[in-house]
Amino acid sequence: MTAATHRPRADAEPADLRLPGIVLGVGLGGFVDGILLHQLLQWHHMLSSTDSDNIGVRFYNPRTLSGLQMNTVWDGLFHVVCWLSVLIGLAVLYSRVTHRRRRVWTSRVLWGWMLVGWGLFNLVEGIIDHHVMGIHHVQTGAYRLWWDIGFLVLGAVLVAAGYLLQRTGTPFVPQPGPEPGGAAGRPRSA
């Protein structure tokens, strides 16, 4: 191999990390919501507020065995969607960046877009599930509106912080050649 094969092409475009970052952020944000709020804190489940929803879904009281079972099924379906989002985000990221992976994972651009995705998850999920459909809330009780609004504010802060973070990063320009420290033509072990 000549030295020219390891230089970036003059016409090389920066890899667009926006889509994979946002899709990964949506999946990871959903996992934080599902694991922290649904499972560990048990503040809500997917159908835990359908007794006061806006779409007429049957109420499954999470304080009864049968209600908790149905809510657990729907929480599981929610986690499947999060898992698929992460897989799709990784696939898109891999398709855009096949060399210099270490540099991609330390990129402010990627992490910024992931924060944007997490914030978008909070905003969409919060508006649709908490306010429009009303099928569950962050925390039930006297202050549930404030918890739901706080969830939306957190989403907006994540979108803004992620957008600002990605703007301070350097665009990633894929370069041909092996990972630093790896043998040419041979994939490195993880």
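Above: the structure in question.
Figured I'd write up the structure that's included with this text.

Reading the values: the criteria
Residues numbered from 1 in each chain as written. Predicted model: local features only at pLDDT ≥ 70, side-chain atom pairs only at ≥ 80, totals over all residues. Heavy atoms only, no water. Helix = DSSP H or I, 4+ residues; strand = E, 2+ residues; numbered from the N terminus. Contact = heavy atoms within 4.5 Å. Areas by Shrake-Rupley, 256 points an atom, 1.4 Å probe, with all protein chains shown as cover. Phe/Tyr/Trp six-rings, centres within 6.5 Å; stacked < 30°, edge-to-face > 60°. Buried < 20%, exposed > 50% of the residue type's maximum accessible area, 1.4 Å probe, protein only. Core = buried A, V, L, I, M, F, W, Y, C linked by side-chain atoms within 4.5 Å. 1 Å grid on protein atoms, 1.4 Å probe; cavity = no way out; pocket = protein on both sides within 12 Å on 5 of 7 lines; lining within 4 Å. Points joined across faces, edges and corners; volume = space filled by probe spheres on them. Nonpolar A, V, L, I, M, F, W, Y, C, P; charged D, E, K, R; others polar. Patch = residues over 30% accessible without salt bridge, like charges linked within 9 Å, V, L, I, M, F, W, Y side chains within 5 Å. Salt bridge = Lys/Arg side-chain N within 4 Å of Asp/Glu carboxyl O. Axes fitted to C-alpha atoms, helices over the stretch in contact; angles between N-to-C directions. Parallel < 35°, antiparallel > 145°, perpendicular 65-115°, else oblique. Left-handed = near helix turned anticlockwise from the far one by under 90°. Lys, Arg positive; Asp, Glu negative; His and termini not counted. Polar contact = N/O pair within 3.5 Å; in protein donor to acceptor, adjacent residues only side chain to side chain.

1. Concerning the overall build of the protein
Each helix and strand counted, the protein has 5 helices and 0 strands in total. Each helix (α) and strand (β) of the protein, taken in turn from the N terminus, gives the series α-α-α-α-α. Summarising the internal contacts of the protein: among those between residues at least 6 apart in sequence, 77% fall at separations of at least 24. By element, 66% of the accessible surface of the protein is carried by carbon and sulfur atoms, the whole surface being about 11100 Å².

2. Some thoughts on the packing of aromatic side chains
Going through the model one piece at a time under the given rule, you end up with 3 aromatic pairs. Measuring from ring centre to ring centre gives 4.6 Å for Trp43 and Trp147, while their planes differ by 65°; the resulting arrangement is edge-to-face. Within this pair, whereas Trp43 is found in the loop between helix H1 (18-40) and helix H2 (65-96), its partner Trp147 is found in helix H5 (residues 144-167), the two being separated by 104 residues in sequence. Look at Trp43 and you get partly exposed, because its relative accessible area is 22%. Centre to centre, the rings of Phe78 and Phe121 are 6.0 Å apart; their planes meet at 45°, and the pair counts as tilted. In this pair, Phe78 is assigned in helix H2 and Phe121 in helix H4 (residues 108-132), connecting sequence segments 43 residues apart. Across the pair, exposure class does not vary: Phe78 and Phe121 are buried alike.

3. Details of the nonpolar core
Grouped together as the largest cluster of nonpolar side chains are 14 residues, with contacts concentrated most on Leu17, Leu93, Val97, Val104, Leu110 and Phe172. At the level of elements, H1, H2 and H4 are the ones that each hand at least two residues to this core. Discounting chain neighbours no more than four positions away, the residues touching Leu17 are Leu93, Val97, Ser107, Val109, Leu110, Trp113 and Phe172. Within the second largest apolar cluster, 10 residues are counted, among which are Leu37, Leu47, Cys82 and Val138.

4. With respect to the layout of surface pockets
Of the pockets and cavities examined, the largest pocket occupies roughly 360 Å³. Lining the largest pocket are 23 residues, with Gln42, His44, His45, Ser48 and Pro62 positioned closest to its centre. When residues of the lining of the largest pocket are traced back to their parent elements, those giving at least two are H1 and H2. Top element by residues in the lining of the largest pocket is H2. It accounts for 5 residues. A per-class count over the lining of the largest pocket returns 4 nonpolar, 15 polar and 4 charged.

5. So, a nonpolar patch on the surface
A cluster of nonpolar residues, Tyr143, Leu145, Trp146, Trp147, Ile149, Val153 and Val157, forms a patch on the protein surface that exposes about 770 Å² of accessible area. One can find Val157 in helix H5. On the basis of relative accessible area, Val157 is assigned to the partly exposed category, the value being 48%.

6. A look at the packing of H1 against H2
Packing of H1 against H2 leaves a shortest axis separation of 8 Å and a crossing angle of 155°. Overall, the two elements H1 and H2 adopt an arrangement that is roughly antiparallel. Once H1 is placed against H2, the crossing between them reads as left-handed. The residue inventory of the contact of H1 with H2, partitioned by class, reads 16 nonpolar, 8 polar and 3 charged.

7. What to know about unusual backbone geometry
We note that Gln42 has phi near 55°; this positive angle belongs to a residue other than glycine. Positionally, Gln42 belongs in the loop between H1 and H2. Accessibility expressed as a relative area gives 57% for Gln42, which makes it exposed.

8. Structural notes on the side chain of Asp148
Relative to the elements of secondary structure, Asp148 occurs in helix H5. There is no salt bridge for the buried Asp148, and the closest opposite charge comes from Arg144, which lies 5.4 Å off by N-O distance. Separated by 3.5 Å, the side chains of Asp148 and His130 make a polar contact. Asp148 has contacts with His130, His131, His137 and Val138, leaving out every residue within four places of it along the chain.

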